[in-house]
Amino acid sequence: MRLTDLAKCIECETKLNNKERVVSVCADCLMDLSYKIPEDKKESLVKDVEAIFQHFAADVTTAFRKDPAADSVITVLTAYPGIQAVLIYRVAHFLWKVGLPFVPRYLSNIAAQITGIDIHPGAEIGSDFFIDHGKGVVIGETTIIGDNVTIYQGVTLGGVSIERKKRHPTIGNNVVIGAGAKVLGPIKINDNVKIGANSVVVKDVPSDSVVVGVPGRVVQKPSDEPKKTVDLTHGKLPDPVQKIITQMEERIKTLEDQISAKNEE
């Protein structure tokens, strides 16, 4: 059996023919655009629409708080791919929640082509979310992101399983994820965390922590460090490797001094 023989429609999971494999959707699902909103989702429909507009305002406003280069609303809306991708995601996520087939994924694909940012419409993203620069950002289907989260270009919030279950990370509130960082698997990054650039995080991270390195090492922040609503100083990160080397050097110096003193006796 060839691997292509296992190809199934992403909507109804029926076996695809050779032509249908190109789009991963069978002809019936592709042409059946008639749709009715499920009864159990009609009650929350108005609230969901209101939430879209609330998030729109918060997402645009946060660009001014987190990027000193933002000088006007027009600039933010037309020249910030992170904002464009998130705004399209908000609409796609709404359509995903009401169960509309095909269209949410199509919108996310259009956003990825325009901005270089791939956000699955099934991801759950809180308020005041900001993607700075953004090229190469990937956010998987079961990702959950809290409020006031900032991520930079090249970040991946990825899964490590092919099973249809929770397989992407959960990000808390007030989190900063540096450029090129990878957060993999159904792990939890708690509140007030900084993840250094190019770190690879595969384990849970406690609140008020800094993560650096490959694999990511957790370093607790000083307890007297003041909390900030927007804390983007991700260039000032501790170096656990340097700390260990310094401790080793101090220990070696102590042993050398002890040996010298003994030789002098």
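In case you missed it, the structure is sitting above this.
A few points on the structure.

What counts and what doesn't
Residues numbered from 1 in each chain as written. Predicted model: local features only at pLDDT ≥ 70, side-chain atom pairs only at ≥ 80, totals over all residues. Heavy atoms only, no water. Helix = DSSP H or I, 4+ residues; strand = E, 2+ residues; numbered from the N terminus. Buried < 20%, exposed > 50% of the residue type's maximum accessible area, 1.4 Å probe, protein only. Contact = heavy atoms within 4.5 Å. Areas by Shrake-Rupley, 256 points an atom, 1.4 Å probe, with all protein chains shown as cover. Pairing = 2+ DSSP bridges. Patch = residues over 30% accessible without salt bridge, like charges linked within 9 Å, V, L, I, M, F, W, Y side chains within 5 Å. Salt bridge = Lys/Arg side-chain N within 4 Å of Asp/Glu carboxyl O. Phe/Tyr/Trp six-rings, centres within 6.5 Å; stacked < 30°, edge-to-face > 60°. 1 Å grid on protein atoms, 1.4 Å probe; cavity = no way out; pocket = protein on both sides within 12 Å on 5 of 7 lines; lining within 4 Å. Points joined across faces, edges and corners; volume = space filled by probe spheres on them. Nonpolar A, V, L, I, M, F, W, Y, C, P; charged D, E, K, R; others polar. Core = buried A, V, L, I, M, F, W, Y, C linked by side-chain atoms within 4.5 Å.

1. Quick notes on the overall build of the protein chain
Okay, so step 1: Helix and strand counts for the protein chain come out as seven helices and 15 strands.
Okay, so step 2: Per-residue burial over the protein chain gives 37% buried out of 265 residues.
Okay, so step 3: Restricting the contact set of the protein chain to residue pairs at least 6 apart, pairs at least 24 apart contribute 38%.
Okay, so step 4: If you sum the accessible surface of the protein chain, you get close to 15400 Å²; carbon and sulfur atoms cover 57% of it.

2. Concerning the sheet that holds strand E6 (residues 150-152)
Okay, so step 1: Read from one edge to the other, the open sheet built from six strands follows the order E3-E6-E9-E12-E14-E15, with strand pairing classed as mixed. Every other strand in the sheet has two partners, leaving strand E3 (130-132) and strand E15 (217-220) as the edge strands with one partner each.

3. Structural notes on a nonpolar patch on the surface
Okay, so step 1: Residues Phe-64, Val-73 and Leu-77 make up a contiguous nonpolar surface patch of about 230 Å² in total accessible area.
Okay, so step 2: Residue position: Leu-77 is located in helix H4 (residues 73-79).
Okay, so step 3: You can call Leu-77 partly exposed: its relative accessible area is 36%.

4. Details of the packing of aromatic side chains
Okay, so step 1: Scanning the entire structure with this criterion turns up two aromatic pairs.
Okay, so step 2: Summarising the aromatic geometry, the rings of Phe-53 and Phe-56 are spaced 6.1 Å apart at their centres and angled 75° between planes, so their arrangement reads as edge-to-face. Of this pair, Phe-53 and Phe-56 both sit in helix H3 (residues 45-66), three residues apart, which is roughly one turn of the helix.
Okay, so step 3: Phe-56 gets classed as partly exposed once you look at its relative accessible area, which sits at 24%.
Okay, so step 4: Where Phe-102 meets Tyr-106, the ring centres are 5.9 Å apart and the plane angle is 20°; that geometry is what we call stacked.
Okay, so step 5: Residue classification places Tyr-106 among the partly exposed residues on the basis of a relative accessible area of 46%.

5. A few points about the sheet that holds strand E4 (residues 138-139)
Okay, so step 1: Spatial ordering of the open sheet is given by E1-E4-E7-E10-E13, a layout of five strands whose pairing is parallel. The sheet is open, and its two edges are formed by strand E1 (118-119) and strand E13 (200-201), each paired on a single side.
Okay, so step 2: Pairing analysis gives two bridges linking E4 to strand E7 (residues 156-158), with the strands arranged parallel. Pairing of Val-138 across the sheet is with Thr-156, part of E7.

6. Structural notes on the pattern of salt bridges
Okay, so step 1: One pass over the structure, following the stated rule, counts five salt bridges.
Okay, so step 2: Residue Asp-59 pairs with Arg-90 through a salt bridge whose shortest N-O separation is 2.9 Å. Highlighted residues: Asp-59 in helix H3 and Arg-90 in helix H5 (residues 81-97), separated in sequence by 31 residues. Comparing Asp-59 with Arg-90, the two get one shared label, buried.
Okay, so step 3: Linking Lys-165 and Glu-163 is a salt bridge whose minimum nitrogen-to-oxygen distance equals 3.7 Å.
Okay, so step 4: Classification of Lys-165 by relative accessible area gives partly exposed; the value is 44%.

7. A few points about the pairing of E15
In regular strands, side chains alternate between the two faces of the sheet.
Okay, so step 1: Two elements, strand E14 (residues 209-212) and E15, share four bridges in a ladder whose sense is antiparallel. Bridge pairing links Val-212 to Arg-217 in E15.
Okay, so step 2: Between the end of E14 and the start of E15, which pair antiparallel, lie four residues, with Gly-213 showing a positive phi angle near 100°.

8. Side note on empty space enclosed by the protein
Okay, so step 1: Overall, the coordinates contain one cavity of 30 Å³ or more when judged by the stated rule.
Okay, so step 2: As for the largest cavity, its lining consists of Ala-85, Ile-88, Tyr-89, Ser-108, Ala-111, Ile-117 and Ile-119.
Okay, so step 3: Per-element tally for the lining of the largest cavity: the top contributor is H5, with three residues.
Okay, so step 4: Among the residues forming the lining of the largest cavity, the class breakdown is six nonpolar, one polar and no charged.

9. Quick notes on the nonpolar core
Okay, so step 1: With 28 residues, the main nonpolar core has Ile-139 and Ile-189 as its most contacted residues.
Okay, so step 2: A per-element tally of this core places H5 first, with three residues.
Okay, so step 3: Once residues lying within four places of it in the same chain are set aside, the contact partners of Ile-189 are Thr-170, Ile-171, Gly-172, Val-175, Val-183, Ile-195, Val-201, Lys-203 and Val-205.
Okay, so step 4: Core analysis: the second largest hydrophobic core is formed by eight residues, Val-60, Ala-63, Val-76 and Leu-87 among them.

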